[in-house]
Amino acid sequence: MIVGVLALQGAFIEHEQMLRKLGADTVELREKEDLQHKPDALILPGGESTAQGKLLKDLDMFDTVKQWIIDGMPVMGTCAGMILLAEKLVNDDKQWLQTFPVSVRRNAYGRQLGSFITRAPFKGIGEVTMNFIRAPYIESISPGVEVLAEANNHIVAARYGKQMILSFHPEIGEDTRIHQQFIQMVHEKN
Ligand code: GLN
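Not measured: the values here are computed from a predicted model.

K.L.:
When you look at the overall build of the chain in this model, what are you seeing that I'm missing?
P.N.:
Helices and strands together make up the secondary structure of the chain, namely 5 helices and 12 strands. For 190 residues, the compact-globule estimate of 2.2 N^0.38 gives 16 Å, and the chain sits close to it at 15 Å. Along the first, second and third principal axes, the C-alpha set of the chain runs to 40 × 35 × 30 Å. A burial count over the chain gives 53% of its 190 residues as buried. Restricting the contact set of the chain to residue pairs at least 6 apart, pairs at least 24 apart contribute 64%. Here the chain contributes 20 positive and 24 negative side-chain charges, whose respective centroids are spaced 4 Å apart.

As structure tokens, this is what we get:
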């Protein structure tokens, strides 16, 4: 299995390391040419969503990536990746791929709680450690969206079809179970 990892900006290397530990091959998507070979799945990492979204457009990668997801390519978006996938941002007038029918609040925890770590249950896995870094959360969901995790009374992970979004950073640390769940999802027959 080859997982394409968007490598324009942010925390993509850590995702690659986790995926390789689990036996998946990875390819960095840095420019339009890298999209010539379609991967089996896609990771949109954390970082700065505005920078990533602009680069996707400036490098003429945006439409291809959006079409891949619309056509059913499994995707995991973490933190900034969640923001790129959200249909609506409640506190930002920008919009990006909009393939995941949720409303998301950017930098939702304010300045004081900008970064924190907590533990909470994740559907199908059990308790996991969650690293939040100037994180968004999901404010509302549409029918068909499955909640995977809540922390501090907010939805912080969800699935819709073969799309997964997470507010926190599962690529930090040694716990590979969320990436493993993603790989399982990639293997699932529809
Ligand atoms: N605050 C960032 C944004 O709004 C997301 C932070 C992250 O990816 N860790 O894009």
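The rest of the description comes next.
K.L.:
Looking at this structure, I do not really get the nonpolar core. What am I missing?
P.N.:
Most often, soluble globular proteins keep nonpolar side chains buried together rather than apart. Counting 33 residues, the largest nonpolar core has F122, M130, F132, M164, F168 and F182 as the members making the most contacts within it. With 5 residues, the single largest contributor to this core is helix 5 (residues 177-187). The residues contacting F122, other than those within four sequence positions of it, are V128, L148, A149, A157, M164, L166, F168, I178 and Q181. Among the nonpolar cores identified, the runner-up in size contains 30 residues, and L56, I69, M82 and V104 belong to it.

K.L.:
What should I look at first to understand helix 1 (residues 12-21) in this one?
P.N.:
Given 3.6 residues per helical turn, the α-helix brings residues three or four places apart onto the same face. Listed in full, the buried residues belonging to helix 1 are F12, H15, E16, M18 and L19. Along the axis of helix 1, the buried positions cluster into a sector of 165°, meaning they face one direction only. Where helix 1 is buried, its residues meet strand 1 (2-6), strand 2 (25-29), strand 3 (41-44), strand 4 (75-78) and helix 5.

K.L.:
When you look at the layout of surface pockets in this model, what are you seeing that I'm missing?
P.N.:
Remark: the empty space left among the atoms is shown by a probe the size of a water molecule rolled over them. If you add up the space inside the largest pocket, you get close to 160 Å³. Every residue lining the largest pocket is listed: G46, G47, E48, S49, C79, A80, I83, R106, N107, I133, R134 and H169. Within the lining of the largest pocket, the residues separate by chemical class into 4 nonpolar, 5 polar and 3 charged.

K.L.:
Which parts of the structure should I look at to understand the packing of aromatic side chains?
P.N.:
Where two aromatic rings form a pair, the distance of their centres and the angle of their planes describe that pair. Evaluation of the coordinates by the stated rule reveals 7 aromatic pairs. Relative to Y160, the ring of F100 has its centre 5.8 Å away and its plane inclined at 50°; by these criteria the two rings are tilted. One end of the pair, F100, is in strand 6 (residues 100-105); the other, Y160, is in strand 11 (residues 154-160), with 60 residues separating them in the sequence. For Y160, a relative accessible area of 31% gives the class partly exposed. Between the aromatic rings of Y109 and Y137, the centroid separation amounts to 5.3 Å while the plane-to-plane angle is 75°, which identifies the pairing as edge-to-face. With Y109 in the loop between strand 6 and strand 7 (115-122) and Y137 in strand 9 (residues 137-141), this residue pair connects regions lying 28 residues apart in the sequence. With respect to burial, Y109 and Y137 carry one shared label: buried.

K.L.:
Hey, could you run me through unusual backbone geometry in this one?
P.N.:
Only a minority of non-glycine residues have a phi that is not negative, and only a minority of peptide bonds are not trans. Backbone geometry at D60 places phi at a positive 60°, although glycine is not the residue there. Along the chain, D60 turns up in the loop between helix 2 (49-58) and helix 3 (62-70). The class for D60 is partly exposed, based on a relative accessible area of 40%.

Definitions and cut-offs
- Residues numbered from 1 in each chain as written.
- Predicted model: local features only at pLDDT ≥ 70, side-chain atom pairs only at ≥ 80, totals over all residues.
- Heavy atoms only, no water.
- Helix = DSSP H or I, 4+ residues; strand = E, 2+ residues; numbered from the N terminus.
- Rg over C-alpha atoms; globule rule 2.2 N^0.38 Å.
- Buried < 20%, exposed > 50% of the residue type's maximum accessible area, 1.4 Å probe, protein only.
- Contact = heavy atoms within 4.5 Å.
- Lys, Arg positive; Asp, Glu negative; His and termini not counted.
- Charge placed at Lys NZ, Arg CZ, Asp CG, Glu CD.
- Core = buried A, V, L, I, M, F, W, Y, C linked by side-chain atoms within 4.5 Å.
- Arc of directions from axis to C-beta.
- 1 Å grid on protein atoms, 1.4 Å probe; cavity = no way out; pocket = protein on both sides within 12 Å on 5 of 7 lines; lining within 4 Å.
- Points joined across faces, edges and corners; volume = space filled by probe spheres on them.
- Nonpolar A, V, L, I, M, F, W, Y, C, P; charged D, E, K, R; others polar.
- Phe/Tyr/Trp six-rings, centres within 6.5 Å; stacked < 30°, edge-to-face > 60°.

No statement about biological role is implied by the geometric values presented.
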